[in-house]
Amino acid sequence: MTTQALPAAATAAEEQVRHYTFKKRRGPVIRGYIGLAIIVIWGLAPFYWMVVTAFRDVGFTFDTTPWPTHVTLDNFRTAFSTARGNHFGHALVNSVIIGVVTTAVAMLVGVFAAYALSRLNFPGKYFVLGIVLGASMFPGVALVSPLFQLFSSWGWLNGYNYQALIIPNISFALPLTVYTLTAFFGEMPWELEESARMDGCTPGQAFRKIMLPLAAPGLFTTAILAFISSWNEFLLSSQFSTSKTQPVTVAIAFFTGAQPHQEPYTTVMAAATIVTVPLIIMVLVFQRAIVSGLTAGGVKG
Amino acid sequence: MSTVAQTRRAVPRRRGPKSLNAGQGRRGLLLVLPTIALLGVVIIYPVIKAIVMSFQKDAGLDKATGMFVQGGYAGLANYKHWVLQQCNTPTGAVTCGPGTLGGQTYDALWVTLFFTVVAVAIEMVLGLWFATIMNRTFRGRGIVRAAILVPWAIPTAVTAKLWFFIFAYDGIANHLLGLVGVQPLLWTGDAWPSRFAVIIADVWKTTPFMALLILAGLQVISSDVYEAAQIDGATKWQTFTRITLPLVKVPLMVAVLFRTLDTLRIFDLPYILTGGGGGSGHATTTLSILVIRQIRAGFNSASALSTLVFILIAVVAFLFIKFGGADVIRRPPGTAPKRRFWRRATPAQATEGN
């Protein structure tokens, strides 16, 4: 492609460049494809094994045939069955509730801070950035003992006390939101805001009417990242959830089988598939946005 | 300045161009206030409370008198418990036995550091390799990007259960090892296999994140630099060590920083995959797992340990940012240096890269 653009009287150096670009396109292409294949296998093979096992009859749990055999839907039925004290369906609903509320609160509060941090100059700005960054690196385990004591004295550790899960989740969802949104806002064409204000918009109007629609993709991506991080949380949920508010990660980790000490592998794989597939679909649909959000914020995975 | 002032006076209630920036300070503070307040409630207050608690005695039966006591000021006893491994007995403080949680501090610290160093090192090398592969323009990049996001998107709890199944005694891992003549391993039972089971699962899950951050750094390196290197006769290895590595250093260090801090607080994987056990019963007990175990025994001594974990992580983060070149505080547009951290190559390359 570039060769056509070269002038007819190509210099020796340009010849050489052409020579090298030509050379680059042979052997390495095959090696490149092998590399790509390794990455695809890396990402998908364990996931594939999970799905294959989820559809495999429990009597053939350790069948090592690489393709689906003894296909059945029984595992999915068992996963949702409450006969053995598992409440997986209920846990799915809990995870959605906790994830949606956490994301909504983090977005509502974080969007203003991110706007100020990326756009305005104010005293203590780098201090605030430092706090947000420090919070995003904060070890969740340091929250457990003080919050455990507070929540138990408030009677939050039984019944339907979703706030006992949502409030700790804010501790990582809010920094993530502010951090990612600040990066997104930093790349937006803010000249438009200036011109809107020249035309007589108030700062609020300029933000609402001009910038918010432009920022929608960034906001959406950030919301997805916040939701995924809340959906995937385990440490805090395992300590603060009750049998009524248990999210899916906790439910899966403590799935009980037919007999004690017998791991219900296929059922767990079916449950894991159900938990993971919505995320995989999200990732497939929004992969471009998610990658840009991940790298923009440099958020933790 | 004076013209602006005059305009303002001449046209009341209408702002001149200069005043567009007026009131930024107050507005800025007002906008960040809710975030700071909320972080104060969910992080800063609990941290302060944890520090206060760490100087209190645990409520419980007083071993000397057999009476139930409510705690009270403990001084440094909780810290001595973890750092100097002193356990209280009716006859006074003695060295904690190997069976007690207090005796596990340094084992847990060692295991945590081992996980961190080994896992992050492997992730860094693999991440660089993956990023280099993905940086070449091939067809099917979308598929690769989707595939690499799968391990990232799967919840860690699910990852742990998935690898628990893979590493089962009759599982696929031992089956594949058997094909090359390796005896089956007790992946979640023996000390060293269970440690490597945790590391393998962690590497699988988080290498994609590493690769994507490094890829973002690679993509802004102009191809001109590589062509120039080729013309100058640089070997592939020279190109990699003299061009790629220096130019990708900042995003790489940021990725390593995030992964290091993440692994220092690792909990989900060893807790679910191996139950923190293996070997003598705590071969994969990390600092976070130790804190969680201690909470059932007493909040206050758990607070002391979690405060120590917090300090450890803060110190590591500080060292990384200060000496490791992980430039994580980015400056907003308008203040130099303009390029955000993952793009900060030389200004010329950064512009061409876009």
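Every value quoted in this text rests on a predicted model; they were computed, and no experiment measured them.

Visitor: I would appreciate a short explanation of the overall build of chain A in the present structure.
Guide: Scanning chain A from N- to C-terminus turns up 13 helices and zero strands. Counting from the amino terminus, helix and strand elements in chain A follow one another as α-α-α-α-α-α-α-α-α-α-α-α-α. For chain A, with 301 residues in total, the buried portion stands at 53%. Residue pairs at least 24 apart in sequence account for 68% of intrachain contacts in chain A once pairs closer than 6 positions are excluded. Summed over all atoms, the accessible surface of chain A reaches about 12,900 Å², with 67% contributed by carbon and sulfur.

Visitor: What exactly am I supposed to notice about the overall build of chain B here?
Guide: Secondary structure summary: chain B contains 14 helices and four strands in total. Counting across all 354 residues of chain B, residues that qualify as buried make up 51%. In chain B, of all internal contacts separated by at least 6 residues, the share reaching a separation of at least 24 is 65%. On chain B, roughly 16,500 Å² of surface is accessible, and the fraction owed to carbon and sulfur atoms is 64%.

Visitor: Is there a simple way to explain the side chain of Asn174 of chain B in this structure?
Guide: Residues and elements named next belong to chain B. Summarising the element assignment, Asn174 is placed in helix α7 (residues 172-179). Exposure remark for Asn174: the relative accessible area of 4% places this residue in the buried category. Here Trp187 takes part through its side chain, which lies 3.1 Å from a polar atom of the side chain of Asn174. In this view, Asn174 contacts Ala168, Tyr169, Pro184, Leu185 and Trp187; residues no more than four positions away in its chain are not counted.

Visitor: Sorry, what's going on with the interface of chain A and chain B here?
Guide: Often, the extent of an interface is quoted as the loss of accessible area on bringing the components together. Contacts between the two partners involve 112 residues from chain A and, on the opposite side, 102 residues from chain B. Interface area, chain A with chain B, both sides summed: about 9,800 Å², of which 75% is carbon and sulfur. Area buried by chain A at its contact with chain B is led by Ile39, Trp42 and Met137 of chain A, which between them contribute 8% of it. Linking chain A with chain B are one salt bridge. The partner of Glu263 of chain A in a salt bridge is Lys161 of chain B, with the nearest N and O atoms 3.0 Å apart.

Visitor: Sorry if this is basic, but what is going on with the pattern of salt bridges here?
Guide: Where charged atoms of side chains with opposite charge meet at close range, the side chains can pair. All names here are of chain B. According to the stated counting rule, one finds seven salt bridges over all chains in the structure shown. Across the pair Arg259 and Glu123 runs a salt bridge whose closest N-O atoms are separated by 2.9 Å. Here Glu123 lies in helix α4 (residues 105-135) and Arg259 lies in helix α10 (residues 236-264), a separation of 136 residues in the sequence. Given the relative accessible area of 0%, Glu123 is considered buried. Taking the shortest distance from any N to any O, the salt bridge between Asp262 and Arg259 comes out at 3.3 Å. Note that Asp262 and Arg259 are positioned in helix α10 at a spacing of three residues, about one turn of the helix. Taking relative accessible area as the criterion, Arg259 reaches 4% and is therefore assigned buried. Ionic contacts of the salt-bridge type, sharing partners, join the residues Glu123, Asp202, Arg259, Asp262 and Arg265 into one network.

Visitor: Whenever I open this one, a nonpolar patch on the surface confuses me. Can you help?
Guide: All names here are of chain B. Nonpolar side chains collect at one region of the surface, where Ile311, Val315, Phe318, Leu319 and Phe323 lie side by side and expose about 520 Å² of accessible area between them. Within the element layout of this structure, Val315 appears in helix α13 (residues 299-323). Residue classification places Val315 among the partly exposed residues on the basis of a relative accessible area of 43%.

Visitor: How should the nonpolar core be read in this particular structure?
Guide: Among the nonpolar cores identified, the biggest contains 173 residues, and Phe88 and Phe185 of chain A together with Trp152 of chain B are the most heavily contacted of them. Beyond its immediate sequence surroundings of up to four residues, Phe88 of chain A is in contact with Ala79, Phe80, Val248, Ile252, Phe255, Ala271, Ile274 and Val275 of chain A.

Visitor: Where do I start with the packing of aromatic side chains in this structure?
Guide: Within a pair of aromatic rings, the relevant descriptors are the distance that separates the centres and the angle that separates the planes. Residues and elements named next belong to chain A. Under the definition given, this model contains 34 aromatic pairs over all chains. Here the aromatic rings of Phe88 and Phe255 are separated by 6.1 Å at their centres, their planes lie at 50 degrees, and the arrangement is tilted. In this pair, Phe88 is assigned in helix α5 (residues 88-119) and Phe255 in the loop between α12 (248-253) and α13 (265-297), connecting sequence segments 167 residues apart. Like Phe88, the residue Phe255 is buried in the burial classification.

Visitor: I'm lost on the environment of Leu212 of chain A in this one. Help?
Guide: Residue position: Leu212 of chain A is located in helix α10 (residues 203-232). Residues contacting Leu212 of chain A, with those up to four places away along its chain left out, are Phe207 and Leu219 of chain A.

Visitor: It is not clear to me how the environment of Phe320 of chain B should be interpreted in this structure. Could you clarify?
Guide: You can see Phe320 of chain B is positioned in helix α13. For the pair Phe320 of chain B and Leu257 of chain B, spaced 63 residues apart in sequence, the C-alpha to C-alpha distance is 6.6 Å.

Visitor: I would appreciate a short explanation of the confidence of the model for chain B in the present structure.
Guide: Caution applies to low-pLDDT parts of the model: their predicted coordinates are not meant to be read in detail. In this model, chain B carries an average pLDDT of 80, and 79% of its residues clear a pLDDT of 70 or more. When pLDDT is averaged over each helix and strand of chain B, the minimum, 36, is found for helix α14 (residues 347-353) of chain B and the maximum, 94, for helix α6 (residues 156-166) of chain B.

Visitor: Can you walk me through the confidence of the model for chain A in this structure?
Guide: All names here are of chain A. Here chain A averages 84 in pLDDT, and 88% of its residues register 70 or above. Of all the helices and strands in chain A, helix α1 (residues 2-5) carries the lowest mean pLDDT, 45, while α5 carries the highest, 93. Scored below 50 in pLDDT, residues 1-10 shows six contacts in the model against residues more than four places distant or in partner chains.

Visitor: So what exactly am I meant to see when it comes to the packing of helix α9 (residues 223-231) of chain B against α10 of chain B here?
Guide: Think of two packed helices as two axes; the pair is described by the angle between the axes and how far apart they sit. Residues and elements named next belong to chain B. Where α9 contacts α10, the axes come no closer than 11 Å and their chain directions differ by 145 degrees. The way α9 lies across α10 gives a crossing that is right-handed. Mapping the contact onto sequence places Val225, Tyr226 and Ala229 in α9 and Thr239, Ile243 and Thr244 in α10. Across the contact of α9 with α10, the residue classes break down as four nonpolar, two polar and no charged.

Visitor: How should I be thinking about the packing of helix α7 (residues 141-153) of chain A against helix α12 (residues 287-297) of chain B in this particular structure?
Guide: Remark: α7 of chain A packs on α12 of chain B, axes separated minimally by 9 Å, with the N-to-C direction vectors making an angle of 10 degrees. When the axes of α7 of chain A and α12 of chain B are compared, the pair comes out roughly parallel. Contacts between α7 of chain A and α12 of chain B pair Val141, Val144, Ser145 and Phe148 of chain A from the former with Ser288, Val291, Ile292, Ile295 and Arg296 of chain B from the latter. For the contact of α7 of chain A with α12 of chain B, the per-class residue count stands at six nonpolar, two polar and one charged.

Visitor: Whenever I open this one, the side chain of Asn169 of chain A confuses me. Can you help?
Guide: Structurally, Asn169 of chain A is set in helix α8 (residues 163-186). Setting aside residues no more than four positions away along its own chain, Asn169 of chain A makes contact with Ile98, Thr102, Ser230, Glu233 and Leu236 of chain A.

What counts and what doesn't
- Residues numbered from 1 in each chain as written.
- Chains lettered and ligands numbered in written order.
- Predicted model: local features only at pLDDT ≥ 70, side-chain atom pairs only at ≥ 80, totals over all residues.
- Heavy atoms only, no water.
- Helix = DSSP H or I, 4+ residues; strand = E, 2+ residues; numbered from the N terminus.
- Buried < 20%, exposed > 50% of the residue type's maximum accessible area, 1.4 Å probe, protein only.
- Contact = heavy atoms within 4.5 Å.
- Areas by Shrake-Rupley, 256 points an atom, 1.4 Å probe, with all protein chains shown as cover.
- Polar contact = N/O pair within 3.5 Å; in protein donor to acceptor, adjacent residues only side chain to side chain.
- Buried area = accessible area lost by both parts, 1.4 Å probe.
- Salt bridge = Lys/Arg side-chain N within 4 Å of Asp/Glu carboxyl O.
- Patch = residues over 30% accessible without salt bridge, like charges linked within 9 Å, V, L, I, M, F, W, Y side chains within 5 Å.
- Core = buried A, V, L, I, M, F, W, Y, C linked by side-chain atoms within 4.5 Å.
- Phe/Tyr/Trp six-rings, centres within 6.5 Å; stacked < 30°, edge-to-face > 60°.
- pLDDT = per-residue confidence, 0-100.
- Axes fitted to C-alpha atoms, helices over the stretch in contact; angles between N-to-C directions.
- Left-handed = near helix turned anticlockwise from the far one by under 90°.
- Nonpolar A, V, L, I, M, F, W, Y, C, P; charged D, E, K, R; others polar.
- Parallel < 35°, antiparallel > 145°, perpendicular 65-115°, else oblique.

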